[in-house]
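# Coordinate analysis (summary)
Residues per chain, in single letters:
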Amino acid sequence: MARKTITVLGATGSVGCSTLDLIGRNPDRFEVVALTANSDVKGLAAAAIATGARRAVIGDEAMRPALSEALAGTGIEAAAGCAAVIEAAAMGADLVMAAIVGTAGLRPAMAAIEAGSALALANKESLVSAGALMIRAAVARGVIILPVDSEHNAVFQCFDRERPENVSRVILTASGGPFRDWDHDAMRAVTPERAVQHPNWSMGAKISVDSATMMNKGLELIEARHLFGLPPDRYDILVHPQSVVHSLVEYRDGSVLAQLGAPDMRTPIAYALAWPDRIDTPCARLDLAALGRLDFEPPDAERFPALRVARAAMEEGGARPAILNAANEEAVAAFLAGRICFLDIVAIVERVLERYDPPAPSALDDVLAIDGEARLRARELMERQAA
Ligand code: NAD
Ligand code: MG
């Protein structure tokens, strides 16, 4: 059997490392074309050498000499800069894992689609900002988008794509994050160190903060809307603190299909890597008898206003999700840098949305212009607030 060729964008991150772990366990199945990272030269070079990658690309231009030095004599091509990351995405691998965080992953993900590669999509922000354009490009090119986000991967596994008219609801589960049962006053004093400690998942800093505000679930609503195509009122959120039921699909006859598993991202990543086949993983097996119970509760949009703000952006469509996403990225970065407090994150996003209402984007450049303007406005608001 010919090996599946794979490129990993964001190879040094949480999803990237889990992807490489699985590739390393299946050398007879997968072959690495290119790996990219933003600034971690050491991690990138080590991964490229370990996997026998053809090319390693560092996003930060200034790191070019360091990467060349680290790869000297290995035969692995070294490249640097944003354009080189996009080029790596477009090398025509059988599958591209899009695991860059934030809108920075949008152009590379689109380049992979346009090159005809199947896209394993972890980078939800690209779909939130430019979902309509990405889906259109994927349909035009005949490439499949395999969701890596655990909820969407679960839905993908349960959703009858041949007969979508039989699906009545998609129910995304949410752990509720580290502050699920905290009141508003307690959340006021949350530090970045505390916010990134997720109860069930070990993830990058940005998505950990998104989980704490529950903006992550808001982004996931919009992500689901693009991936599964049902009208906005068919997506529900269900809080499930144990993160064992990864999501559910309800059919017109009342049947509900769910995908379950231990909370380990390597399961959905393995699914996307091997699809339509399956591979072994070292993930813990689910022992429901040992767990004894699973809990569910409705989401609380009072304490987690991100849910309300994101749902409105999903319903309104057009440029709203791109603005939401960009303002959120800026606000999360400011929170992680200690410049704003936890409750300010969603407040900033909401204020940017209130004052900026451009027409719907019709091309990628429009999305990136809207993204840039929303970031600028978020930063101005935060500076004014600090002064
Ligand atoms: P991370 O911060 O751990 O890793 C991000 C990766 O992107 C790194 O390799 C980094 O070098 C690269 N990167 C960052 N900025 C870049 C830029 N400007 N140009 C090029 N590369 C850049 O993030 P993560 O937790 O692995 O998440 C990656 C994506 O997957 C996010 O969109 C996140 O929402 C999504 N996701 C993650 C998880 C998880 O368990 N970590 C689960 C579901 C979805
Ligand atoms: Mg998720």
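In case you missed it, the structure is sitting above this.
First things first, this report covers the structure right here in the doc. This structure is a prediction, so every number in the text was calculated from the model and none was measured.

A separate point is the coordination of the magnesium ion (ligand 2). Distances from the magnesium ion (ligand 2) to its protein donors, Asp 149 (OD), Glu 151 (OE) and Glu 220 (OE), fall within 2.1 to 2.2 Å. Each donor residue of the magnesium ion (ligand 2) lies on one chain, and together they are spaced D-x1-E-x68-E.

Quick look at the sheet that holds strand 7 (residues 145-147) now. Spatially, the 7 strands line up as an open sheet ordered 4-3-2-1-5-6-7, and their pairing is parallel. Looking at the sheet topology across the chains shown, the edges are occupied by strand 4 (77-80) and strand 7. Each strand of the sheet is rotated relative to its neighbour by a mean of 20 degrees, with strand direction disregarded. The sheet contact formed by strand 1 (residues 4-9) and strand 5 (residues 95-98) spans 4 bridges and is parallel. Each residue of the ladder has a partner; that of Thr 7, found in strand 5, is Val 96. On the sheet, helix 1 (residues 14-25) packs against strand 1, strand 2 (30-37) and strand 5 and is oriented at approximately 160 degrees with respect to strand 1. Contacting strand 6 (118-121) and strand 7, helix 6 (residues 124-141) crosses the sheet at an angle of about 160 degrees to strand 6.

Here the focus is the pattern of salt bridges. Throughout the structure, instances matching the rule amount to 30 salt bridges. Arg 29 is paired through a salt bridge with Asp 277; the nearest N and O atoms lie 3.2 Å apart. Of this pair, Arg 29 sits in the loop between helix 1 and strand 2 while Asp 277 sits in the loop between helix 12 (266-274) and helix 13 (288-291); the two residues are 248 residues apart in sequence, bridging distant segments of the chain. Among the residues examined, Asp 277 registers a relative accessible area of 38% and is labelled partly exposed. Arg 180 is the salt-bridge partner of Glu 297, the closest N and O atoms lying 3.4 Å from each other. Here Arg 180 lies in the loop between strand 8 (167-174) and helix 8 (184-188) and Glu 297 lies in the loop between helix 13 and helix 14 (306-316), a separation of 117 residues in the sequence. What emerges from the salt-bridge pattern is a single network uniting Lys 124, Asp 149, Glu 151, Lys 217 and Glu 220.

The next thing to look at is a nonpolar patch on the surface. A cluster of nonpolar side chains, namely Leu 260, Leu 286, Leu 288 and Leu 291, defines an oily patch on the protein surface of about 300 Å² accessible area. Its relative accessible area of 33% is what places Leu 286 among the partly exposed residues.

Time to look at the pairing of strand 10 (residues 245-251). A regular strand carries its side chains on alternate faces of the sheet. The buried fraction of strand 10 is high, at 7 of 7 residues. Direction of pairing for strand 8 relative to strand 10: antiparallel, over a ladder of 5 bridges. Its bridge partner lying in strand 10, Arg 169 is registered against Glu 250. Relative to strand 11 (residues 256-260), strand 10 runs antiparallel, the two sharing 5 bridges. Bridging from a neighbouring strand, Leu 248 pairs with Ala 258 of strand 11. Connecting strand 10 to the antiparallel partner strand 11 that follows it, the hairpin turn spans 4 residues, and Gly 254 within it adopts a positive phi of roughly 95 degrees.

About the cut-offs
- Per chain, residues are indexed from 1 in the order of the written sequence.
- Each chain gets a letter, beginning with A, and each ligand a number, beginning with 1, in the order they are written.
- Local features in a predicted model are, by the rule used here, given only for residues with pLDDT of at least 70; side-chain atom pairs are given and counted only at 80 or more, and totals for whole chains, interfaces and linings are based on all residues.
- Hydrogens and water are ignored here; the side-chain numbers use all heavy atoms of the structure.
- Each metal site is built from N, O and S donor atoms within 2.8 Å (3.2 Å for Na, K and Ca), and since water is not included, such sites may look incomplete.
- At least two DSSP bridges between two strands are needed for those strands to be called paired.
- To qualify as a helix, a DSSP run of H or I must reach at least 4 residues; to qualify as a strand, a run of E must reach at least 2; elements of each kind are numbered from the N terminus.
- Working convention: axes come from line fits to C-alpha atoms, limited for helices to the stretch in contact. Angles between N-to-C directions cover 0 to 180 degrees.
- Note on definitions: a residue-residue contact is assigned when non-hydrogen atoms from the two residues lie within 4.5 Å.
- For salt bridges, the criterion is a side-chain nitrogen of Lys or Arg within 4 Å of an Asp or Glu carboxyl oxygen.
- The cut-offs for exposure are 20% and 50% of the maximum accessible area for each residue type, with area from a 1.4 Å probe on protein chains only; residues under the lower value are buried, those over the upper are exposed, and the others partly exposed.
- Residues enter a patch when their relative accessible area is above 30% and they make no salt bridge; the linking distance is 9 Å between like charges and 5 Å between nonpolar side chains (Val, Leu, Ile, Met, Phe, Trp, Tyr).
- All accessible areas in this document rest on Shrake-Rupley with a 1.4 Å probe, and a residue is counted as covered only by the protein chains that are shown.

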